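Chain and residue survey
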Amino acid sequence: MEYNHRDIEKRWAEYWRRHRLYETKEDPSKPKYYVLDMFPYPSGAGLHVGHPLGYIASDIYARYKRHRGYNVLHPMGYDSFGLPAEQYAIQTGQHPAITTERNIQRYRQQLDQLGLSYDWSREVRTSDPAYYKWTQWIFLKFFDSWYNKDTDKAEPIQSLIAHFEKNGTRGINAACTEPLEFSAQDWANFSEEKKQEILLNYRLAYRSESVVNWCPALGTVLANDEVKDGLSERGGHPVEQKKMMQWSLRISAYAQRLLDGLDTIDWSEALKESQRNWIGRSEGALIRFATDQGPTITVFTTRPDTLFGSTFLVLAPEHELVNAITTDVYRADVEAYLSYVKSRSERDRMADVKTVTGQFTGCYAIHPFTDEKLPVYIAEYVLSGYGTGAIMAVPAHDGRDHRFALKFQLPIRQVIDPGFEWDFSKEAYEEKVGISVNSDFISGLQVPQAIQRMIEELVARGIGQRKVNYRLRDAVFGRQRYWGEPIPIYYRNGIPCPLPVDQLPLELPPIDKYLPTEEGEPPLARAQNWYYIDDKGNHWPLETTTMPGWAGSSWYYLRYMDPHNVHAPFSKDAENYWQNVDLYMGGSEHATGHLLYARFWHKFLFDLGYVSTQEPFRKLINQGMIQGMSAFVYRIKGEKRFVTYSKKEQYDTQALHVDVSLVENNTLNIEAFKQWRSEYADYEFITEDDGSYKVGREVEKMSKSKYNVINPDDIVEKYGADTLRVYEMFLGPIELSKPWNTDGITGVYNFLRKYWRLHFDAKGNFTVSDEDPTTDELKVLHKTIKKVTHDIENFSYNTCVSAFMICVNELSALKCHKKQILVPLAVLLAPFAPHLAEECYQKMQPGESVVLAAWPEWDEEILVEDAFEYPVSFNGKTRFNIVLSKSLSTKEIEEAVLTEPKTAKYLDGKTPKKIIVVPGRIINIVI
């Protein structure tokens, strides 16, 4: 009987389900280990073979830890809110919940067939009201909190109100939108509306006018990472910068803690550096410039030592002073420029260093030391969210300022001497190394000393102050969409008020269309009866924007700890036991989105005492991408002929993608191709000399448009889930991208068949015996145990597979069919090929599941070799090798080598002058 993967995998998958082997309960008697995958958005396309890479890798580790005696939590769910389902609803009129449910069922079917050890009893879906009730609850906690910089944590808003009642703003050190000053008496005299407006200035969830990425075609605000080259990533629609009233979360208050926390977690340096760059901590100074138009412009700079080199100022186009400082002469030009900038996303403006644009405002700033008049421009390379949204331009020492100065013929003034020749007319010198020159009282100082001296002088003269700045901006939280969590806010006379907790979840209402209203309001404005009725019977309008896609994914790992709790998002006991994620597996594309927001939410919940750890994810691994191996046919231009790959250079050809399912071992099934592309049915094919048509190959991203997507269902059907699992791990290191090649999967399939034959003969008879193993068989096993254990611990799964292949080959050569060898080998293989391992294990250990088996330990004594292969040299030149027991004395080694027939050949009748023996290393005969 041959290895029948279909029967084996179906039978054991059902066994695991029936016995609930992967369900997990809190068990204080065992050490815990929490393994988590970044949960998927269930798209209609389903999974391709690239998607399971991380799932299989994390599953191997979860299974391994279970074998090592850990209580393993390994859950799965769905990030089920999002724009794709909403766009489909707009096109078809079908409710997003329907398509989402259909897509989830498809994903579940595909995930189940891969033998993944998920505890499905803990499944969460972000679009389930029972789940997003608690997402809304967390939002209300943000709304009811402020950030106390003195205690360096979030605190209830009531403590801030108490401070205002007693002291006004005196002594308050809070994260806020803008500094405010008022007394306790002022606070007492403020109207309720005024008080609530002030509190919004401090709340961690607040509403303010923000510049956002507005996509008219999609009718929504997009995050920066959803915009590329001025177009929406989904659909390629134009995106413009627009000022809107928006909900935001004050993540900027956590900037330093988010930076510091990176030093405490086991993440790759590349990932940490991405977050450090996104947070963008810089130290410098605020400097105030008076202007001839009245308003004072405050700039932030990390290089106050270059102040004497400033020859103009630049404001971000969105800066609040642009209108106030623009003169009538230049107003039309400024407005035209502002219209242009609206089409440019911040990401594009940051990335595009070649395009130099700007507009003079007609205003001049006054240099605080020289009284020189400096022209004030607006330009897209300055961003409103960084620093103050205004810069003092020093073109001699900043590349972007230099390009701007050349474009607009502005002065370039050197104020740093690098100590060697530098052509400032061609390039800026940006290093913080050198001596200040042309800079009055700081001339002659090295740059670091000049920076400190300049800050001291700015403070002394009252025209500046020391400042630490962060690039990190507050997270825009509102979306003009339907398919997202409703924000639990109602408006009482225009004042945003939190919905009472007993009113949660605030569920999505039915609406007639999933589009913004004719007036441009979000889709929820279409809902009937979209209001909150208070205990006095008053009707108050509800918020019509919904939360962004990352809201539900910022805390889902916590809900897995206690997914059915109806009284709290999770219990204290469950959180105390699981604490945080020990291993998180997912894509690096989430470095500055999901991972940053989840860390922020976790730290906030820590401040309020809901979680016991500062960081959510202790170790994180970014799996690489499995790329597609595209196939190409070559059409001869102007003719109705295709030419095979090896002969294409003889013709002028056009390469066309071909569906990889029509190709095997680089050979095209010509008839199947003609049926697939009927327009080529009458084309001639110029083939190889053997009559085959060879395709071209190229590694590309796996994509439907390139016809290189491999459906895992097809692989599982033909070769089995275990083969797919082992093959994906065999392709290379988990962190690296690698190309998929279906032709290579047969080698792994044959390996599993060979493993099968260690247990069954060709007729299907069970051949495992109770005989005692030989020394050689034990060495093969224990060598494999040691290697696989070490490599799993280091996530080197590809070398584990290699070790298995070597082991099976060696045991096959030894004709080993012994239970004492094959039982522990089944446990070793179980994390990689669980169905096959279960089949063989239960045949040897009836009624016992390999899932629950203890991990085997290797015996170092068995691995100690009792013989050594000595190189034998004559006068220092190696002539042959001889294998001798390590137990032999030096004298016995000499005797053994002298009796070796090969020795006589090289002695050629001579008597050795000396025999040098270094036990366990060499033998050298001197003649």
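Provided above is the structure to which this section pertains.
Summarised in this report is the structure supplied together with it.

Basis of the calculations
Residues numbered from 1 in each chain as written. Predicted model: local features only at pLDDT ≥ 70, side-chain atom pairs only at ≥ 80, totals over all residues. Heavy atoms only, no water. Helix = DSSP H or I, 4+ residues; strand = E, 2+ residues; numbered from the N terminus. Buried < 20%, exposed > 50% of the residue type's maximum accessible area, 1.4 Å probe, protein only. Lys, Arg positive; Asp, Glu negative; His and termini not counted. Charge placed at Lys NZ, Arg CZ, Asp CG, Glu CD. Contact = heavy atoms within 4.5 Å. Pairing = 2+ DSSP bridges. Right-handed = clockwise from strand over helix to strand, strands pointing away. Disulfide = S-S within 2.5 Å. Patch = residues over 30% accessible without salt bridge, like charges linked within 9 Å, V, L, I, M, F, W, Y side chains within 5 Å. Areas by Shrake-Rupley, 256 points an atom, 1.4 Å probe, with all protein chains shown as cover. Salt bridge = Lys/Arg side-chain N within 4 Å of Asp/Glu carboxyl O. Core = buried A, V, L, I, M, F, W, Y, C linked by side-chain atoms within 4.5 Å. Axes fitted to C-alpha atoms, helices over the stretch in contact; angles between N-to-C directions. Parallel < 35°, antiparallel > 145°, perpendicular 65-115°, else oblique. Nonpolar A, V, L, I, M, F, W, Y, C, P; charged D, E, K, R; others polar. 1 Å grid on protein atoms, 1.4 Å probe; cavity = no way out; pocket = protein on both sides within 12 Å on 5 of 7 lines; lining within 4 Å. Points joined across faces, edges and corners; volume = space filled by probe spheres on them.

Regarding the overall build of the chain
Counting secondary structure elements, the chain contains 30 helices and 37 strands. Principal-axis analysis of the C-alpha atoms gives the chain an extent of 105 × 75 × 75 Å. When burial is assessed residue by residue, the chain has 54% of its 927 residues classed as buried. Charge separation in the chain, taken as the distance between the mean sites of 108 positive and 126 negative side-chain charges, equals 2 Å.

Quick notes on helix 26 (residues 819–829)
Of all 11 residues in helix 26, 9 are buried, a share of seventy percent or more. Residues of helix 26 that are buried include every one of Ile-821, Leu-822, Val-823, Pro-824, Leu-825, Ala-826, Val-827, Leu-828 and Leu-829, and no others. Those residues of helix 26 hidden inside the fold are in contact with helix 2 (52–67), helix 23 (745–756), helix 24 (775–793), helix 25 (797–813) and helix 27 (834–844).

Description of unusual backbone geometry
The linkage connecting Leu-504 with the following residue, Pro-505, adopts the cis geometry, with an omega of 0°. Turning to its location among the elements, Pro-505 is positioned in the loop between strand 21 (495–498) and strand 22 (531–533). A positive phi is found at Arg-20, a non-glycine position, where the angle reads about 50°. Inspection of the secondary structure assignment puts Arg-20 in the loop between helix 1 (5–19) and strand 1 (32–37). A relative accessible area of 56% means that Arg-20 is categorised as exposed. A positive phi is found at Asn-665, a non-glycine position, where the angle reads about 50°. In this structure, Asn-665 sits in the loop between strand 29 (663–664) and strand 30 (667–668). You can call Asn-665 partly exposed: its relative accessible area is 49%.

Re the pairing of strand 24 (residues 581–586)
Strand 24 sits mainly inside the fold: 6 of its 6 residues count as buried. In terms of strand pairing, strand 1 meets strand 24 through 3 bridges, oriented parallel. Bridge pairing in strand 24 links Leu-36 to Tyr-584. Where strand 24 and strand 25 (residues 617–622) come together, 5 bridges link them in parallel fashion. Counterpart to Leu-583 in the pairing with strand 25 is Lys-619. In this region the chain leaves strand 24, passes through helix 19 (residues 594–607) and returns to the parallel neighbour strand 25; the handedness of that crossover is right-handed.

Focus on the state of the cysteines
Among covalent bonds in proteins, the disulfide is the one between the sulfur atoms of two cysteines. All chains considered together, the criterion is met by 0 disulfides. Left without a disulfide partner, Cys-816 is nearest to the cysteine sulfur of Cys-807, which lies 8.7 Å away.

Side note on a positive patch on the surface
Side chains of Lys-877, Arg-879, Lys-902 and Lys-905 sit close together on the surface and give a patch of like positive charge. Of all elements in the fold, only strand 35 (877–885) and helix 30 (901–907) reach the threshold of two or more residues within the positive patch. When you line up the elements, Lys-905 lands in helix 30. Residue Lys-905 is classed as exposed on the basis of its relative accessible area of 61%.

Describing the nonpolar core
Core analysis: the largest hydrophobic core is formed by 201 residues, its most contacted members being Leu-668 and Phe-832. Ignoring any residue separated from it by four or fewer positions in sequence, one finds Leu-668 in contact with Val-633, Val-658, Leu-662, Val-663, Phe-673, Phe-685, Tyr-693 and Val-695. Within the second largest apolar cluster, 50 residues are counted, among which are Val-334, Leu-374, Val-376 and Leu-458.

Description of the packing of helix 2 against helix 22 (residues 721–730)
One way to put it is that helix 2 packs onto helix 22 with a least axis distance of 10 Å and a crossing angle of 100°. Looking at the two axes, helix 2 sits roughly perpendicular to helix 22. Contact residues: Pro-52, Leu-53, Ile-56, Ala-57, Asp-59, Ile-60 and Arg-63 in helix 2; Leu-724, Arg-725, Glu-728 and Met-729 in helix 22. Class assignment for the residues of the contact of helix 2 with helix 22 results in 7 nonpolar, no polar and 4 charged.

Let's talk about the pattern of salt bridges
Where charged atoms from two side chains of opposite charge approach closely, those side chains can pair. Throughout the structure, instances matching the rule amount to 46 salt bridges. The shortest N-O distance in the salt bridge between Asp-607 and Arg-257 comes to 2.9 Å. With Asp-607 in helix 19 and Arg-257 in helix 9 (residues 255–261), this pair connects stretches of sequence that are 350 residues apart. Residue classification places Arg-257 among the buried positions, given a relative accessible area of 10%. Note that Arg-281 and Glu-283 form a salt bridge whose closest N and O atoms lie 2.6 Å from each other. Among the residues examined, Glu-283 registers a relative accessible area of 53% and is labelled exposed. In this structure, a network of salt bridges that share partners links the residues Glu-101, Arg-108, Asp-112, Glu-123 and Arg-125.

Side note on the environment of Ile-686
Structurally, the position occupied by Ile-686 is in strand 31 (residues 684–686). Between the alpha carbons of Ile-686 and Lys-647 there is a distance of 8.4 Å; along the sequence they are 39 residues apart. Once you skip the residues sitting within four places of it in the chain, Ile-686 turns out to touch Ile-636, Arg-641, Phe-642, Val-643, Thr-644, Lys-647, Tyr-651 and Tyr-693.

A short note on the sheet that holds strand 35
Read from one edge to the other, the open sheet built from 4 strands follows the order 35-34-37-36, with strand pairing classed as mixed. On the outer flanks of this sheet lie strand 35 and strand 36 (914–918), each paired with one strand and no other. The sheet shows a mean angle of 20° between the axes of neighbouring strands, taken without regard to direction. Running at roughly 120° to strand 36, helix 29 (residues 890–898) makes contact with strand 34 (867–874), strand 35, strand 36 and strand 37 (922–926) of the sheet.

Some thoughts on the layout of surface pockets
Counted as a void, the second largest pocket has a volume near 580 Å³. The wall of the second largest pocket is formed by 25 residues, among which Val-660, Ser-661, Val-663, Ile-710 and Thr-742 lie closest to the centre. Sorting the residues of the lining of the second largest pocket by element identifies strand 29 and helix 21 (712–719) as the ones contributing at least two each. The dominant element in the lining of the second largest pocket, judged by the number of residues it contributes, is helix 21, at 4 residues.

Section: the sheet that holds strand 5 (residues 205–215)
Within a sheet, each strand pairs with its neighbour through backbone hydrogen bonds, oriented either parallel or antiparallel. One open sheet holds the 4 strands; their spatial order is 6-5-9-19, and the pairing between them is antiparallel. Two strands in the sheet have a free side with no partner beyond their single neighbour: strand 6 (220–222) and strand 19 (475–476). Relative to strand 19, strand 9 (residues 240–249) is paired through 2 bridges, and the arrangement is antiparallel. Bridge pairing links Leu-249 to Ala-475 in strand 19.

Things to note about empty space enclosed by the protein
For the structure on display, the rule yields 4 cavities of 30 Å³ or more. When its volume is computed, the largest cavity comes out at roughly 110 Å³. In this structure, the largest cavity is lined by Arg-344, Arg-349, Asp-352, Val-353, Thr-355, Val-356, Thr-357, Glu-380, Tyr-381, Arg-400, Arg-403 and Phe-404. Here the lining of the largest cavity takes 3 residues from helix 14 (residues 399–408), the largest share from any one element. In terms of residue class, the lining of the largest cavity is built from 4 nonpolar, 2 polar and 6 charged. In this model, the second largest cavity occupies a volume close to 40 Å³. Lining the second largest cavity are Phe-81, Gly-82, Leu-83, Arg-479, Arg-481, Trp-483, Gly-484, Thr-546, Met-547, Pro-548 and Gly-549. A per-class count over the lining of the second largest cavity returns 5 nonpolar, 4 polar and 2 charged.

Scope: geometric values only; no functional claims are made or implied.
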